[in-house]
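In case you want the letters, here they are:
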Amino acid sequence: MAEAERFFARKMSELGVALNEAQRQAVTQTEGPLLLLASPGSGKTTTIIMRIGYLIEEKGVDPARLKAVTFSKASAADMKERFRRFFPQLPQVSFSTIHSMAFEVVRDHFRRTGTLWQLIEGGAEEAKEAQPETPKLQKRHLLRGLYQSVVGGAITDDEMDELTTFISFVKNKLVPPEKWSQLNVGVREAANLLREYERVKLAGSGGKRLIDYDDMLTIAAEVMEQDEELLRKYQARYDYVLTDESQDTSLVQHVIVERLVREHRNLCVVADDDQSIYSWRGAEPAYLLDFRKTYPGAASLLMTRNYRSTRTIVDAANTFIKRNKTRYDKNMTTENPEGPPIVIRSFADYAYQAKYLAENVTGTERLAEVAVLYRNNASSIALINAFDRAGIPFYMKDADNRFFSHWVVLDVLNFMRMTFTDKRPDILEKIHFKLKGYISKSQMAALGSINNDESVFDNLLRFVPLQDYQVSLLEEVKDTFRQMQGMPPRPAIRVIRERLGYEKAIEGMCERFGFRKEYLIGILNTLEEIAGQLESMEQFAARLKHLEAALAAARSRRGQNAVTFSTFHSAKGLEFDRVYMIDLVEGIIPSPDDKGDSALMEEAARLFYVGMTRARSHLELLAYRERDGEKTAESTFVADMKRILAPPPPVTGMEQVAARQVAPKPEPVKAKAFRTPAEVVAGSSVRHRVFGAGVVESVEGDHVDMRFPTAGLKKLSLGKCLEMGLLEPV
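Each value, and the rule that gives it
Numbering of residues starts from 1 in each chain and follows the order in which that chain's sequence is written. The predicted origin of the model limits local features to residues at a pLDDT of at least 70 and limits the giving and counting of side-chain atom pairs to 80 or more, whereas totals for whole chains, interfaces and linings rest on all residues. Values shown for side chains rest on all heavy atoms present in the structure; no hydrogens or waters enter the calculation. Secondary structure elements are taken from DSSP: a helix is a run of H or I of four residues or more, a strand is a run of E of two residues or more, and numbering for both begins at the N terminus. Throughout, the radius of gyration refers to the C-alpha atoms, and the reference size of a globule is 2.2 Å times the residue count to the power 0.38. Remark: exposure states derive from per-residue accessible area (1.4 Å probe, protein chains only) relative to the maximum for the residue type, with buried under 20%, exposed over 50%, and partly exposed in between. Any two residues having at least one pair of non-hydrogen atoms within 4.5 Å are treated as being in contact. Accessible surface is estimated by sampling points in the Shrake-Rupley manner with a 1.4 Å probe; for residues, cover comes only from the protein chains shown. Charge assignment in this entry is limited to Lys and Arg as positive and Asp and Glu as negative, and neither His nor the chain termini are counted. One atom stands in for each charge, and that atom is NZ of Lys, CZ of Arg, CG of Asp or CD of Glu. Under the pairing criterion, centres of Phe, Tyr and Trp rings, with the six-membered ring standing for Trp, must be within 6.5 Å; the plane angle then separates stacked pairs below 30 degrees from edge-to-face pairs above 60, leaving the rest tilted. Whether a charge sits over a ring comes down to the Lys NZ or Arg CZ being within 6 Å of the ring centre and within 35 degrees of the ring normal. Here a strand pair is declared whenever DSSP counts at least two bridges between the two strands. Here, axes are lines fitted to C-alpha atoms. For helices the fit covers the stretch in contact, and angles between N-to-C directions go from 0 to 180 degrees. Any pair of N or O atoms that falls within 3.5 Å is considered a polar contact. Within protein, one atom must be able to donate a hydrogen and the other to accept it, and sequence-neighbouring residues count only if both atoms are side-chain atoms. Two kinds of site are reported from a 1 Å grid over the protein atoms alone, namely cavities, where a 1.4 Å probe fits but cannot get out, and pockets, open sets with protein on both sides within 12 Å along at least five of seven lines, and residues are called lining when an atom falls within 4 Å of a point. Grid points are joined across faces, edges and corners, and a volume is the space filled by probe spheres set on the points. All amino acids are sorted into three groups, where Ala, Val, Leu, Ile, Met, Phe, Trp, Tyr, Cys and Pro are nonpolar, Asp, Glu, Lys and Arg are charged, and the leftover types, Gly among them, are polar.

Notes on the overall build of the protein chain
In terms of regular secondary structure, the protein chain is built from 31 helices and 21 strands. Taking 730 residues into account, the globule formula puts the C-alpha radius of gyration at 27 Å, and the protein chain, at 30 Å, falls close to it. Each of the three principal axes of the protein chain carries a C-alpha extent, and together these read 95 × 80 × 50 Å. Split into buried and exposed, the 730 residues of the protein chain put 52% on the buried side. Partitioning the contacts of the protein chain with sequence separation of at least 6, the portion at a separation of at least 24 is 74%. A total accessible area of about 33400 Å² is found for the protein chain, and carbon and sulfur atoms account for 51% of it. Computing the positive centroid from 100 side-chain charges and the negative centroid from 101, the protein chain places the two 2 Å apart.

Looking at the packing of aromatic side chains
One pass over the full model with this rule turns up 22 aromatic pairs. Aromatic side chains Phe83 and Phe87 sit 5.5 Å apart centroid to centroid with 35° between the ring planes, which places their arrangement in the tilted category. Phe83 sits in the buried class, given a relative accessible area of 1%. Classification of Phe87 as buried rests on a relative accessible area of 1%. Feature note: the residues Phe7, Phe8, Tyr54, Phe83, Phe86, Phe87 and Phe95 constitute an aromatic cluster, connected by ring pairs. Above the face of the Phe394 ring, Arg557 is positioned so that its terminal group lies 5.6 Å from the ring centre.

Overview of the sheet that holds strand 12 (residues 563–567)
Taken together, the six strands give an open sheet; going across it, the order is 9-14-13-10-12-11, and neighbouring strands pair in parallel fashion. The sheet terminates laterally at strand 9 (343–347) and strand 11 (394–396), the two strands that pair on one side only. Neighbour-to-neighbour, the strand axes of the sheet open up by a mean angle of 25°, direction not taken into account. As paired elements, strand 9 and strand 14 (residues 615–624) share five bridges and run parallel to each other. Paired with Phe347 across the bridge in strand 14 is Tyr624.

So, the sheet that holds strand 1 (residues 34–38)
If you walk across this open sheet you meet the six strands as 3-2-6-7-1-8, and the pairing is parallel. Each end of this open sheet is capped by a strand with a single partner; those strands are strand 3 (94–97) and strand 8 (299–303). For this sheet the average axis-to-axis angle between neighbouring strands, irrespective of direction, equals 20°. With respect to the sheet, helix 4 (residues 73–86) is in contact with strand 2 (66–70) and strand 3, its orientation differing from that of strand 3 by roughly 165°.

What about helix 29 (residues 636–645)?
Considered for burial, the residues of helix 29 that qualify are Phe637, Val638, Ala639, Asp640 and Met641. In the core, the buried residues of helix 29 are packed alongside helix 14 (311–321), strand 9, helix 28 (598–612) and strand 14. Taking the backbone nitrogen of Phe637 as reference, a side-chain oxygen 3.0 Å away marks Ser635 as the first, capping residue of helix 29.

Brief notes about unusual backbone geometry
In this chain, Ile589 is followed by Pro590 through a cis amide linkage whose omega measures 0°. By the element assignment, Pro590 lies in the loop between strand 13 (576–581) and helix 27 (592–595). Backbone geometry at Glu245 places phi at a positive 50°, although glycine is not the residue there. The residue Glu245 is located in the loop between strand 6 (240–243) and helix 11 (251–260) in this model. The backbone phi angle of Arg265 is positive, close to 60°, even though this residue is not glycine. In this structure, Arg265 sits in the loop between helix 11 and strand 7 (267–271). Residue classification places Arg265 among the partly exposed residues on the basis of a relative accessible area of 29%.

Looking at the environment of Ile493
Examined against the element boundaries, Ile493 turns out to sit in helix 22 (residues 489–498). For the pair Ile493 and Tyr374, spaced 119 residues apart in sequence, the C-alpha to C-alpha distance is 26 Å. In contact with Ile493, other than residues within four places in its own chain, are Val412, Met416, Leu527, Glu528, Ala531 and Phe540.

Points about the pairing of strand 17 (residues 685–688)
Burial along strand 17 is one-sided: Val686 and His688 are buried, and none of Ser685 and Arg687, which face the opposite way, are. Note that strand 17 and strand 21 (residues 727–729) share three bridges and pair antiparallel. Bridged to Val686 within strand 21 is Pro729.

Focus on the side chain of Thr156
As for its placement among the helices and strands, Thr156 is situated in the loop between helix 6 (139–150) and helix 7 (157–172). For Thr156, a relative accessible area of 13% puts it in the buried group. Setting aside residues no more than four positions away along its own chain, Thr156 makes contact with Trp407 and Phe515.

Observations concerning empty space enclosed by the protein
This model, assessed by the stated rule, comprises three cavities of 30 Å³ or more. Approximately 80 Å³ is the volume attributed to the largest cavity. Lining of the largest cavity is provided by Arg51, Ile52, Leu55, Leu66, Lys67, Ala68, Val93, Tyr240, Val241, Leu242 and Cys268. For the lining of the largest cavity, the secondary structure elements donating two or more residues are helix 3 (44–57), strand 2 and strand 6. Class assignment for the residues of the lining of the largest cavity results in nine nonpolar, no polar and two charged. By volume, the second largest cavity is sized at about 50 Å³. Forming the walls of the second largest cavity are Tyr374, Asn377, Met396, Lys397, Asp398, Ala399, Phe565, Ser566, Thr567 and Ser570. Here the lining of the second largest cavity takes three residues from strand 12, the largest share from any one element. Tallied by class, residues from the lining of the second largest cavity come to four nonpolar, four polar and two charged.

As structure tokens, this is what we get:
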């Protein structure tokens, strides 16, 4: 391997890049299928770029014969830039997303078959050859129309998100139509909507077949199976293929890659099964565990040395992720020094969380090295409010302004407008069925025909036929609105929720339409937080507009000295000196759905692990004991971390006797297990059934100190370990 040594020496001289032994193996193991499992912070991107450079410079591979498939456009652009810096003298290699590669196949197929087509999603660069889209041919516009005709009524933004996620899941998982209705979806008639959507796309418009991003994948997979000539064309194009972030690759994407490399089998799959967090989008992490079944004789390599984080964080994260059973058995390690302890905070109330963060970050010079991570985008609104008030700039990669246009927010503003004037039936029209006066559509229609510039409630009571029970209710509603005049916004929202019956109306809508009550009530709670100490409803409306503008401006602060707000999902691949993980309570992470499904529970743990491993040195885990008057429980993952960071001391004496009385029947003692204290000697290497291989540091009476690469120093009861057969020679 003299050529390899020359290559590494040259790159060390040119770039100052020195690879460890595992990274070097990943660079030089170029032939045949290879599964490269890379832990967080293990220098994955550098290794990938060096591998590509090695193939070109040392193996003489034409750069045009290499294909690198990345997870996103951003990662493709990052790799292109990194490759250009490492190998400025070489021609550029093809880095692209799987969608872009699939689009090439689909476009080629349509050209060969004379099929006219129209892309109905986004404004993708890949679709430059397509005719310009028109508003009527946009995916969401089509789905809105189909929802109106199939279900009736208007689809909400939340339902639209869930419907499009369902469609992507079905396509990426290659779920057959007969099984669509078996999937759990929070949108009525989802399976029928999808069937109608597929029919409309196939029928086309103006003689053109309609396709979306998901179709690029399914059509490409189908074409590569049925059109052997086209398949051979693409198979002959590349001699080496590399896929990055493969733990997030879906079944249909795996199928496309497998067919592409079927002849030469020179495939390098770079992944980390412990960071697979996109099953809801169709990702297929089980594919990695079955890699050798798909590619018999495949090699596998582990890159587990973490260069990013302190030993404190690495050891804790490594121990935590081992709670999962469906994973490759590997240990993330580091040669970095110990760092500050991981901090776990539990506030008395949710309201203190954002205030603490703003106060804690105030005065920080390097704001770009601070990140606040959360599971749901809804968590960001309270942060935006607190940080904006404190004058702390923040950046959000995936800023979502839809909160401010959500129908719950608009409803609250319309309730408030009614306190300024109750003479506008157009305002009442928007909220009448969410009001405890139980005004019907026909009654609203009758009211709309009255044009006398009088109170809508007086007109209802005088001129519109009402049920007997409605009279007193509407009189009470009218009186309540008048009492609210000039009221500060926070108590006004409370009146809207309780006395005007809005919260009860929301509960009824959740029962009828399947909306998530916790999410909608959470919006109301957030609005109350924003109202805070504001004095008037006008100030509240202005504050919402200001925060909406602040959120929009947050997108433009990439690369600036600003705190990063991000979901755990969007933070993958990023790193910061200081990381705060928030809202770590039961019901959020893990969610109720997670707790009912072992696979989802493991994915939630992986999400927590991804958050932890974004931190270089400072990591805080934040929970609270109460929210909006209701008790909350800290996340089971936080409880796990407490046990990892401060394991209970070994029991002795009477405690040991009591514990023995209720202890479950121990596992059978292994034949090799130590049976006498004399066999456990300081300096010897032993294996603990729970903590793995370690070294005995000292033995004093019944106490033995052992240090483990993954669990750190453990003070154990020697007698208990021998009794249970927990120790054996390495």
